[in-house]
Amino acid sequence: MQGRVLSVASECVPFIKTGGLADVVGALPAAMATQGWDMRVLLPAYRPLRKYLADMEPVWTEHDLFGGAATVYFGLQDGVSLMLLDAPHLYDREGGPYSGPYGDFWDNPQRFAALSWMAARLAQEGVGGWRPDVVHAHDWQAGLTPAYLRYAGVWDVKSVMTVHNIAFQGWADAGLLQTLRLPVSEFHPGGFEYYGNLSSLKAGLVTADWITTVSPTYARELMRPEFGMGLQGVIAARAAQVSGILNGVDTDVWSPGREEISYGPGKMAGKAKAREALCQEFGLTVPGPLAIVVSRLTDQKGIDLLPDVIPDFVAAGGGLIVLGSGDFALEGAVQALADAHPGRVAVKIGYSEPLSHRMFSGADAVLVPSRFEPCGLTQMYGLRYGTLPVVASTGGLADTVIHASPAALAAGVATGISFHPTDALAFGQALAQLVGLYADQKLWVNTQKNAMKHPVGWETSAAAYAALYQRLIG
Ligand code: ADP
C-alpha cells in the first residue's frame, strides 16, 4: 500500500450527482486502488443517502457540529469505501445537495463548513486506526478542509485542493466568521477574505499543500482574469504548486461494445443501426451529420449560441438532438429551435443517462461550445463512441480534441473539430466544416477511428495523482 487518502466532496457517483464533479469523485477510488492507494470518500448523508446508514458502522460522534449532533458512518458501498456524515439538522432535507423546493439552502456555508470541519478532525485524529496521509478536497464545498487543518497546526497530513469549476467559490458573509470556526487573524487578503466577505474556495487555495485543476489548459487559464473569476492572482501567486490533471471517464460504463446496439472500431455497422434507431425515436430524417448536445443548459456551456448557428447547419443537411435542463430561457430557446425545424431538431428537457447513452451511440457528432470548460466529459464520451466532438478550444476541451486541420488530417491524427473564440461566427464555421468532413466518408471514418483509439480512461490521470500524493508525503 502506497498510502491513504481521504477524498472530501459534496457529490459522488453512484450516490449523488449534479455534474461532472460526482463522476470524478466516484471514479477516483477505484482508479487510485490500481496505483496502490487506499482512498475513502467523505460525503454528507443527504436524505436520499440515509438509506445506506443501516449497513454502515458508526465510527465517530460529534456532539455539536454547527448546531446539532453528528455521526460519521463507514462502510463499503457500491465498491466505494464510503464515510457518510450524518448530521440531520444540516442534511436531512427535501431537495438536492444544495437547494430545496424554495431555492438554495440559506445555511449552505454552515452545511459545507461542517463537512470540511469533520474531514479535518478525522484527518487529524484518525478513525479506527485509519489516518490519511493526504486529504483531497474537491471544490468550494470542501475548501475549508485544508484551512482547518492548517489553522489547527496539523502539518503531517498533506492536502490537495482540486478546482473543478472556479465559478463556484463558496462566498459567505464575513459575519459568519465565528460561526464557521474560522480565526479572525486569517481574515485578510492573503487569507480567506474575499472583497469583504469570505470564500471557502480561497481558504483552500491559500492553505493547501498543492492545487490541482482538471486539465492542464484550465490550470493556465485560471491565472488569467478572463477565467480566474477574481481568484487569478491567488492562483498565479501559487503557480509553483499548481498542476492540471485531466479527468478520465469510466470506460466500463461508456463503452460502445456494451451498448444495447453494440459496435466498435472494427465493426461500425452497429453505429449505423444505433443512428437509425435514434432518428426513429425522435422522428428525425437527417441527410447530413446528426449532432447532439448533452449538457446543463447554461451560458457557460454556450447553449445561447445554438439559435444563431443551427438554422444554417440544418439548411446544410445537419440535424440536432438536445438533452438537458437548466436556465429557463435557454430551455425555451432550444425548444423553439425544435419547433422551427420539425424532423431535423428535437429536444428533451430533463436528465436521462440511458437516453444519453443512446444519443452517443447513434449520433455523428457531439457539440460542446463552452465559454469555459475545466475538463468536460461529454467530448470524451464522443471520442470513445466515434461521435466526433465539435468543441470550443478552451480548458479540457483543448486538451482532449485534436482539431481536423489540413495538417492533422493529412497526418491522420485528427479526432474532432475545435474552434476559437466561443462565438457564433467560429461555431458556425466549425459546423460547416463538420458538414464537409461528413461528406468525405473516407476522411470521416478515419477521423472516427482515431477518435475511438484516443485514450480517455483513468489510467494516466490516476498515475498522475499517485505521483503527486507520493511527492507530497515524501
Ligand atoms: P459539468 O460538470 O460542468 O456539468 P461535465 O461535462 O464535466 O459538465 O459533466 C457533465 C456530466 O453530466 C456528464 O457525465 C454528462 O453526460 C452528464 N449530463 C449533463 N446533462 C445531462 C442530461 N440532461 N442527461 C444525462 N446526462 C447529463
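Residues numbered from 1 in each chain as written. Predicted model: local features only at pLDDT ≥ 70, side-chain atom pairs only at ≥ 80, totals over all residues. Heavy atoms only, no water.

Observations regarding helix α17 (residues 441-453)
Part 1: Between its first and last C-alpha, α17 extends 18 Å over 13 residues, near the 18 Å set by a 1.5 Å rise per residue.
Part 2: Every buried residue belonging to α17 is among W444, T447, Q448, N450, A451 and M452, and all of these are buried.
Part 3: Looking at the packing, one finds that the buried side of α17 touches α9 (269-282), α13 (378-384), β19 (388-392), α15 (406-411) and α16 (424-439). (Helix = DSSP H or I, 4+ residues; strand = E, 2+ residues; numbered from the N terminus. Expected span 1.5 Å × (residues − 1). Buried < 20%, exposed > 50% of the residue type's maximum accessible area, 1.4 Å probe, protein only. Contact = heavy atoms within 4.5 Å.)

Topic: the environment of G196
Part 1: Relative to the elements of secondary structure, G196 occurs in the loop between β11 (193-194) and β12 (197-199).
Part 2: On a C-alpha basis, the gap between G196 and V234 in space is 16 Å, while along the polypeptide they are 38 residues apart.
Part 3: Setting aside residues no more than four positions away along its own chain, G196 makes contact with A174 and F187.

Here we look at the packing of helix α1 (residues 20-33) against helix α18 (residues 459-473)
In helix packing, the relevant descriptors are the interaxial angle and the interaxial distance, both defined with respect to the helix axes.
Part 1: At a closest axis distance of 9 Å, the pairing of α1 and α18 adopts a crossing angle of 75°. Taken together, the axis directions place α1 and α18 in an arrangement best described as roughly perpendicular. Along its contact with α1, which presents L28, A31 and M32, the element α18 presents A462, Y465, A466 and Y469. (Axes fitted to C-alpha atoms, helices over the stretch in contact; angles between N-to-C directions. Parallel < 35°, antiparallel > 145°, perpendicular 65-115°, else oblique.)

Considerations on empty space enclosed by the protein
Part 1: Applying the stated criterion across every chain, the model contains two cavities of 30 Å³ or more.
Part 2: Each pocket or cavity is described by its volume, and for the largest cavity that value is around 40 Å³.
Part 3: Forming the walls of the largest cavity are I16, Y46, R47, P48, Y91, R93, G95, G96, P97, F105 and R111.
Part 4: In terms of residue class, the lining of the largest cavity is built from six nonpolar, two polar and three charged.
Part 5: In this structure, the second largest cavity spans a volume of roughly 40 Å³. (1 Å grid on protein atoms, 1.4 Å probe; cavity = no way out; pocket = protein on both sides within 12 Å on 5 of 7 lines; lining within 4 Å. Points joined across faces, edges and corners; volume = space filled by probe spheres on them. Nonpolar A, V, L, I, M, F, W, Y, C, P; charged D, E, K, R; others polar.)

Let's talk about the packing of helix α3 (residues 108-125) against helix α4 (residues 144-151)
Part 1: Between α3 and α4, the least distance of the axes is 8 Å, while the angle of their chain directions is 50°. Between α3 and α4, the crossing angle belongs to the class labelled oblique. The element α3 and its partner α4 pack so that their crossing is right-handed. Along its contact with α3, which presents A113, S116, W117, A119, A120, A123 and Q124, the element α4 presents L144, T145, Y148 and L149.
Part 2: The residue inventory of the contact of α3 with α4, partitioned by class, reads eight nonpolar, three polar and no charged. (Left-handed = near helix turned anticlockwise from the far one by under 90°.)

Concerning the sheet that holds strand β10 (residues 171-172)
Part 1: Here we have three strands laid out as an open sheet, ordered β10-β12-β11, and antiparallel in their pairing. Of all the strands in the sheet, the pair left with one neighbour each is β10 and β11.
Part 2: Pairing analysis gives two bridges linking β10 to β12, with the strands arranged antiparallel. Within β12, the position partnered with W171 by the bridge is S199.
Part 3: Contacts from helix α5 (residues 200-207) reach β11 and β12 within the one sheet, and its direction differs from that of β12 by about 60°. (Pairing = 2+ DSSP bridges.)

Brief notes about the environment of E186
Part 1: When you line up the elements, E186 lands in the loop between β10 and β11.
Part 2: With relative accessibility at 25%, the residue E186 sits in the partly exposed group.
Part 3: Between the alpha carbons of E186 and G257 there is a distance of 53 Å; along the sequence they are 71 residues apart.
Part 4: If we skip the residues at most four places from it in the chain, E186 touches Y151, G191, F192 and E193.

Let's talk about the state of the cysteines
Part 1: Per the counting criterion, the structure on display carries zero disulfides.
Part 2: Between C375, a free cysteine, and C12, which holds the nearest cysteine sulfur, the sulfur-to-sulfur gap is 17 Å. (Disulfide = S-S within 2.5 Å.)

Describing the packing of aromatic side chains
Part 1: Taken as a whole and judged by the stated rule, the model has 20 aromatic pairs.
Part 2: When the centroid spacing of 5.4 Å and the interplanar angle of 90° are considered together, the rings of F360 and Y381 count as edge-to-face. Highlighted residues: F360 in helix α12 (residues 353-362) and Y381 in helix α13, separated in sequence by 21 residues.
Part 3: For Y381, a relative accessible area of 7% puts it in the buried group.
Part 4: Taken together through their ring pairs, the aromatic side chains of W254, Y263, F360, Y381 and Y385 make up a single cluster.
Part 5: Directly above the aromatic system of F66 lies the positively charged group of R181, at a separation of 4.4 Å from the ring centroid.
Part 6: Of note, R181 hangs over the ring of W117, and the distance from its end group to the ring centre comes to 4.7 Å. (Phe/Tyr/Trp six-rings, centres within 6.5 Å; stacked < 30°, edge-to-face > 60°. Lys NZ or Arg CZ within 6 Å of the ring centre and 35° of its normal.)

Let's talk about the domain arrangement of the protein chain
Part 1: Under the domain assignment used here, the protein chain contains domain 1 (3-248 + 458-473) and domain 2 (256-453).
Part 2: Taken over both partners, the interface formed by domain 1 and domain 2 buries close to 1200 Å², and the fraction arising from carbon and sulfur atoms is 61%.
Part 3: At the junction of domain 1 with domain 2, the criterion picks out one salt bridge.
Part 4: Taking the shortest distance from any N to any O, the salt bridge between K17 and E353 comes out at 3.6 Å.
Part 5: Viewed at the interface, domain 2 and domain 1 are joined by seven residue pairs in polar contact (both at pLDDT 80 or more).
Part 6: For the side of domain 1 that touches domain 2, the element with the highest residue contribution is helix α6 (residues 216-221), accounting for four residues.
Part 7: Here the residues of the side of domain 1 that touches domain 2 are counted per class, giving seven nonpolar, seven polar and three charged. (Domains from an automatic or database assignment. Buried area = accessible area lost by both parts, 1.4 Å probe. Salt bridge = Lys/Arg side-chain N within 4 Å of Asp/Glu carboxyl O. Polar contact = N/O pair within 3.5 Å; in protein donor to acceptor, adjacent residues only side chain to side chain.)

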